[in-house]
Amino acid sequence: MASTFALGLLWPPARRHLSLSTWIMLRCDRAKTEKRLGELKDANQKLGKRKVRNQAEIERNQIEISQLEELLPTLSHKPTTPTAAPTPPAKTLRIQSPPARFTPAKKGKRSKDGAVDPYAALPPPRPVSEAEVTSLGATYVASPGRAPFGLRKKKATGAQPERVSFEDHPAAGGSPWTVHRPLGHGAFGAVFDVSLEGDARRVALKICFREHRDFGVEREVGVLAAVAGRGAAPPKTAVGRLAEPTTFFRYADASALAMRRADATLSVLAKAHGPARARFPEPVALFYAAGMLEALDQLHGADFLHADVKPDNVCLRFGAPDDCAFTGKKPKACAALAAAGYGVTLIDYSLAVDLRAFADGQRFESASGSPAQVEQYCWPPARKGASWRREIDHYALGAILHELATGARAPRLAAGAAIDREAVASRSPRGWRRELWADAIAALIDGDGAVDLGALAKRCRAAVDADLASNPRKLLTLLEQQKRFLPQHGTRGGGAAAAAPAVLAPRVSPSPSSAAAAPAAVRVA
């Protein structure tokens, strides 16, 4: 510790071109310093051929060259063991993570309002208890031995994307389920379509990579248990819900979580449509919008931020048509479909932030190396170092609704800038409730942390019920038509689903004189 502190004092405080860790590494090894010095001089020699164009880079290199030349005479020829740099304060702790899943923020863009990195400021999640699992209506299965399964990741090569496969270990007893097919994977783990022993039902099984257990299924179960304990369960007629666990498996070195399997994600359904048929009727778009708003409202109502809202994390449920009961003098289409199992599930709480674990009003920042959303759905000011709270979720959901209504990506607004409501309304299809879509999208994308998600969901549901008051069964027909696009149903779109770009574009009502042209489709990550 004393040697580290002394080396830190030797770091030139007025010259910030060399980082402290680089200064310590070079000071401990003359050979590395000489090598670095030679590389910089060679680079400047090459850059000098186009001196005007590369002047800025040449000057930066020259500053480092002068620093290294001052340092070199003080070094011995015998390399020593590098000393670790001092641990940064909690505000700037970094998390080692896969580059494909994390986006470093720009250096030097630190907020001045006391924001903290939520993923570095808290300790790893504690082990999930049996009481937490059973409180969710799920079964707790624990074993003191090593897990009889594993994951194998195959890196992307050429045209082949990255793949994650399941490995069964019969020597350790074998896994208590049968894997049918992979459903997807991310930075922290993978999800598979499986059937458990003694149960014919198919479920979605999530397994995390062992090196990322801190962001694995234990964290997700903890979030769901906390949400269930802090608020009332959603009504049976709610369109939007959170994930429904069925079984939690705990081993000495791994965990797995079985959940109710959805029929598709929003991005998969859009991809299954294909670029030429990517159209959502407005009742379907409003039904899905209401579900996303309700699910996020349930999470926010329990003082949690999702922090990773995107179409891949929006699951769609298709229920049983025979269970739809349109009873009463004025049956409500949304309530009847939701009670029959149709709706939206917001999944993946690996990056969820518990607001109650911090001081009231605490804001957050995305430090370099911290988890970050997909660029398309990340609040733009956060990518430039601005602090955030609920804006991080509101913007992501607003961007999805913007794609549903206009077929185009949401604009990248600077902090404090407002979206053009008239432009949103004009780009929405003819015959749609343009004012409703413009109100909802503007409230979400403008980053207003006080937006009432529940009220927006009620407006979407009321619009569907009013438009289909004379024939509420039409919503069932429209949703069943969407189901037919999915490959597993084999009626439409099965062949092109894998190759077609994912799009979220609306159905355009035809003009009395001629058919209206569809707006440009947008790719969904």
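Since this is a predicted model, take the numbers as computed values, not measurements. (Residues numbered from 1 in each chain as written. Predicted model: local features only at pLDDT ≥ 70, side-chain atom pairs only at ≥ 80, totals over all residues. Heavy atoms only, no water.)

Asker: So what exactly am I meant to see when it comes to helix 14 (residues 453-467) here?
Answerer: With 15 residues, helix 14 should cover 21 Å at 1.5 Å per step; its first-to-last C-alpha distance of 21 Å lies within 8% of that length. If you follow the buried residues of helix 14, they end up packed against helix 8 (282-301), helix 9 (333-339), helix 11 (391-406), helix 13 (434-445) and helix 15 (473-483). Its side-chain oxygen 3.1 Å from the backbone nitrogen of Gly 454, Asp 452 forms the N-cap of helix 14. (Helix = DSSP H or I, 4+ residues; strand = E, 2+ residues; numbered from the N terminus. Expected span 1.5 Å × (residues − 1). Contact = heavy atoms within 4.5 Å. Polar contact = N/O pair within 3.5 Å; in protein donor to acceptor, adjacent residues only side chain to side chain.)

Asker: Explain helix 6 (residues 217-230) to me, please; I cannot follow it from the model alone.
Answerer: A turn of α-helix holds 3.6 residues, and therefore any two residues three or four places apart point the same way. Spanning 14 residues, helix 6 covers 20 Å between terminal C-alpha atoms, matching the ideal 20 Å at 1.5 Å per step. Taken across its 14 residues, helix 6 has 10 buried, putting it largely inside the fold. Taken residue by residue, helix 6 has Val 217, Glu 218, Arg 219, Glu 220, Val 221, Val 223, Leu 224, Ala 225, Ala 226 and Val 227 as its buried positions. (Buried < 20%, exposed > 50% of the residue type's maximum accessible area, 1.4 Å probe, protein only.)

Asker: What am I meant to see in the sheet that holds strand 5 (residues 189-196) here?
Answerer: Pairing is mixed across the open sheet formed by 6 strands, whose spatial order is 1-8-9-6-5-4. In this open sheet, the two strands that pair with only one neighbour each are strand 1 (139-142) and strand 4 (177-185). Adjacent strand axes in the sheet meet at a mean angle of 25°, parallel and antiparallel pairs treated alike. Two elements, strand 8 (residues 245-250) and strand 9 (residues 255-260), share 5 bridges in a ladder whose sense is antiparallel. Bridge pairing links Phe 248 to Leu 257 in strand 9. (Pairing = 2+ DSSP bridges. Axes fitted to C-alpha atoms, helices over the stretch in contact; angles between N-to-C directions.)

Asker: What is the right way to read the confidence of the model for the protein chain from this model?
Answerer: Detailed reading of the predicted coordinates is not advisable wherever pLDDT is low. Averaged over the protein chain, the pLDDT score is 76; the fraction of residues at 70 or greater is 73%. For the stretch residues 1-17, pLDDT sits under 50, and the model shows 25 contacts to residues farther than four places along the chain or on other chains. Note that residues 490-503 has pLDDT below 50 and, in this model, 34 contacts with residues that lie over four places away or in other chains. (pLDDT = per-residue confidence, 0-100.)

Asker: Got a minute to help me understand the side chain of Ser 267 in this structure?
Answerer: Here Ser 267 is to be found in helix 7 (residues 266-273). Look at Ser 267 and you get buried, because its relative accessible area is 5%. At 3.1 Å, the side chain of Ser 267 forms a polar contact with the side chain of Thr 265.

Asker: Can you walk me through the packing of aromatic side chains in this structure?
Answerer: Given two aromatic rings, one states the distance between the centres and the angle between the planes to describe the pair. A full pass over the atoms with the stated rule returns 13 aromatic pairs. The interplanar angle of 20° and the centroid separation of 6.2 Å between the aromatic rings of Phe 149 and Phe 166 together place this pair among those described as stacked. Of the two residues, Phe 149 sits in strand 2 (residues 149-154) while Phe 166 sits in strand 3 (residues 163-168), which places them 17 residues apart along the sequence. An identical accessibility class is assigned to Phe 149 and Phe 166; each is buried. Ring geometry for Phe 166 against Phe 192: centres 5.8 Å apart, planes inclined by 70°, an arrangement best described as edge-to-face. Taken together, the residues span a long stretch of sequence, with Phe 166 in strand 3 and Phe 192 in strand 5 at a distance of 26 residues. These aromatic residues form a ring-pair network of at least three members: Phe 149, Phe 166, Trp 177, Phe 192, Phe 249 and Tyr 251. (Phe/Tyr/Trp six-rings, centres within 6.5 Å; stacked < 30°, edge-to-face > 60°.)

Asker: Honestly, the environment of Pro 311 in this entry has me stumped. Any pointers?
Answerer: Relative to the helices and strands, Pro 311 resides in the loop between strand 11 (304-305) and strand 12 (314-317). For Pro 311, a relative accessible area of 0% translates into the label buried. When the C-alpha atoms of Pro 311 and Leu 397 are compared, they prove to be 9.0 Å apart, with 86 residues separating the residues in sequence.

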